Amino acid sequence: MTGPDVPASFRLAYVPGATPAKWVRTWAERVPEVPLQLVPVAAADATALVREHGADAALLRSPLDRDGLHAIPLYTETTVVLVPKDHVVAAADEVSTADLADDVVLHPLDDTIEWESLPGRPAVDRPETTADAIELVAAGVGVLVVPQSLARLHHRRDLTYRPVADAPQSSVALSWLEDETSDLMEQFIGIVRGRTVNSTRGRSSAPAPAPAERKPPARKPAGGKSAGGKPGAGRRGGGVAKRGKPRRRS
């Protein structure tokens, strides 16, 4: 994949918490002539960035507006509640949304979880971002329910998190424009789907080698001599007969 038509780079946007590092390493091994450029983007701006050709593809978190976009689901995240370390929730291994009924549950404007009904008590105002909401959790204003990757991304020593068993889950998908599935895009799709370097898509496999030509069977020589055998093999009394002694006349 070389020549003047090869793009200078392949641009991959990713939302906070998404971890493309392993795919970037594989890309560098398989397509070293085209650098993969990472473009961090806020979750709310990711689809617009792809539509405006600011990236060739993006790792997005649901909910996803798929109008004009392809999307391949990659994985679903565990949902957790982020709380101060001295919160009663910290003593449990896992909680339910009912356990949060008495807490103020913050709901940032960039929330990536689709709630039918937000648990707990609503806050007076909605924080602008998840990062702002985490600052409020640290200040003791409320708790925050987020995908686990975001809790890890915003790790703080004074906070901890626990899984919420019955909360909706957020998923991460690979998305790109419907009418722009280039060869490079196919390369990246193969990488995220775990295809090996020798696997192909849309191509027939290599033709099978032609069967080896059979040698015709050896013809038996005339005179009863078989190939590799002794002359006259199998003939009774074969060879020159020995002469007996002549009789004496009386």
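Whatever comes next refers back to the structure up there.
Let me sum up the structure you'll find in this document. All values derive from a computational prediction rather than experimental measurement.

### What to know about the packing of aromatic side chains
Two aromatic rings are characterised by how far apart their centres lie and by the angle between their planes.
1) Next: Under the counting rule described, the total for this entry stands at three aromatic pairs.
2) Next: Considering the side-chain rings of Phe10 and Trp27, the 5.0 Å spacing of their centres and the 25° angle between planes classify their relative orientation as stacked. With Phe10 in strand S1 (residues 10-14) and Trp27 in helix H1 (residues 21-30), this pair connects stretches of sequence that are 17 residues apart. Like Trp27, Phe10 is buried.
3) Next: By way of ring pairs, the aromatic residues Phe10, Trp27 and Phe188 are connected into one cluster.

### Focus: helix H3 (residues 130-138)
1) Next: Regarding H3, the residues found buried are Thr130, Ala133, Ile134 and Val137. The arc that holds the buried residues of H3, viewed along the axis, is 100°, so those residues lie on one side.
2) Next: Those residues of H3 that are buried lie in contact with strand S5 (79-84), strand S6 (104-106), strand S8 (143-147) and strand S9 (159-163).
3) Next: Phi turns positive one or two residues past the end of H3, at Gly140, with a value near 85°.

### So, the sheet that holds S5
The strands making up a sheet associate through hydrogen bonds between their backbones, and the pairing can be parallel or antiparallel.
1) Next: Judged by pairing direction, the sheet is mixed, and its five strands sit side by side in the order S7-S6-S8-S5-S9 without closing on themselves. With partners counted over all chains shown, the strands left at the sheet margins are strand S7 (121-122) and S9, one partner each.
2) Next: Two elements, S5 and S8, share four bridges in a ladder whose sense is antiparallel. Looking at S8, one finds that Val80 is bridged to Val146.
3) Next: Of the strands in this sheet, S5, S6, S8 and S9 touch H3, which is tilted by about 140° from S8.

Analysis parameters
- Residues numbered from 1 in each chain as written.
- Predicted model: local features only at pLDDT ≥ 70, side-chain atom pairs only at ≥ 80, totals over all residues.
- Heavy atoms only, no water.
- Phe/Tyr/Trp six-rings, centres within 6.5 Å; stacked < 30°, edge-to-face > 60°.
- Helix = DSSP H or I, 4+ residues; strand = E, 2+ residues; numbered from the N terminus.
- Buried < 20%, exposed > 50% of the residue type's maximum accessible area, 1.4 Å probe, protein only.
- Arc of directions from axis to C-beta.
- Contact = heavy atoms within 4.5 Å.
- Pairing = 2+ DSSP bridges.
- Axes fitted to C-alpha atoms, helices over the stretch in contact; angles between N-to-C directions.

By themselves, these are just geometric observations and shouldn't be taken as functional.
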